[in-house]
Amino acid sequence: LPPSYDAESASPFSDMTNHWAKDYVSVLKTKGAANGYGDGTFRPDESVTRAEFVKMIVSICSVADSDEAVFDDVTGDKWYFGAVSGAYKSGIVGGVGQGRFAPESHISRQDAAVIINRIKNYSGDGAKVFSDSGFIADYALKSVAALSGVGIINGYEDGTFRPEMPVTRG
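Being a predicted model, the structure only gives us computed values, none of them experimental. (Residues numbered from 1 in each chain as written. Predicted model: local features only at pLDDT ≥ 70, side-chain atom pairs only at ≥ 80, totals over all residues. Heavy atoms only, no water.)

A few words now on the packing of helix α4 (residues 109-120) against helix α5 (residues 138-149). Geometry of a packed helix pair, given as the angle between the helix axes and the separation of the axes. At their nearest, the axes of α4 and α5 sit 8 Å apart, and the two run at 70° to each other. Compared by their axis directions, α4 and α5 come out roughly perpendicular. Contacts from Q110, D111, A113, V114, I116 and N117 in α4 reach Y139, A140, K142, S143, V144, A146 and L147 in α5. Partitioned by chemical class, the residues of the contact of α4 with α5 number eight nonpolar, three polar and two charged. (Axes fitted to C-alpha atoms, helices over the stretch in contact; angles between N-to-C directions. Helix = DSSP H or I, 4+ residues; strand = E, 2+ residues; numbered from the N terminus. Parallel < 35°, antiparallel > 145°, perpendicular 65-115°, else oblique. Contact = heavy atoms within 4.5 Å. Nonpolar A, V, L, I, M, F, W, Y, C, P; charged D, E, K, R; others polar.)

Now the structure itself:
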């Protein structure tokens, strides 16, 4: 968290008061990268789509939108068109094959790790060994190792990473 963040401040969302991600979400809200719903909630335990995750990432990293059509399933009339196209143009994201991005599909923990590490390019030094590491896809191994090595991802209390689980808003 940025050193200027006051962890004692109240949560900007009514359902985040005692949530483990309250401080992180609060920081992202101040940066304009996390928004809540009209009823004042954030819904931290709901899954995130690939499009939502990319929109948050490009907002945080100030990646420019692009008006270049890249994927067959990401069309100019969609709210995420510019963000996904800009992220692709910047080398942050790739598709799922056959000219598709699958923007409405939930993003897995391992895919989120790959995207984050494409931005930060951490090494795998000090990586944690998860009890389910054998289930992490080959393309994501380096990224999961790198992010666990710098403490960005920790896994679960039972020692698993759960690579296929969807990322939640929290």
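Moving on: the nonpolar core. Membership of the largest hydrophobic core comes to 22 residues, with the highest contact counts inside it found for F53, V54 and I115. Looking at this core, the elements with two or more residues in it are α2 (50-60), α3 (81-89) and α4. The element contributing the most residues to this core is α2, with six residues. In this view, I115 contacts F53, V54, I57, I92, V93 and I107; residues no more than four positions away in its chain are not counted. Grouped together as the second largest cluster of nonpolar side chains are nine residues, A140, V144, L147 and I153 included. (Core = buried A, V, L, I, M, F, W, Y, C linked by side-chain atoms within 4.5 Å. Buried < 20%, exposed > 50% of the residue type's maximum accessible area, 1.4 Å probe, protein only.)

On to the packing of aromatic side chains. Applying the stated rule across the entire model yields five aromatic pairs. On the basis of an interplanar angle of 35° and a centroid distance of 5.0 Å, the ring pair of F13 and F42 is categorised as tilted. One end of the pair, F13, is in the segment before α1 (22-30); the other, F42, is in the loop between α1 and α2, and 29 residues separate them in sequence. Relative accessible area serves as the criterion here: at 6%, F13 is assigned to the buried category. (Phe/Tyr/Trp six-rings, centres within 6.5 Å; stacked < 30°, edge-to-face > 60°.)

Coordinates in, geometry out; function isn't part of it.
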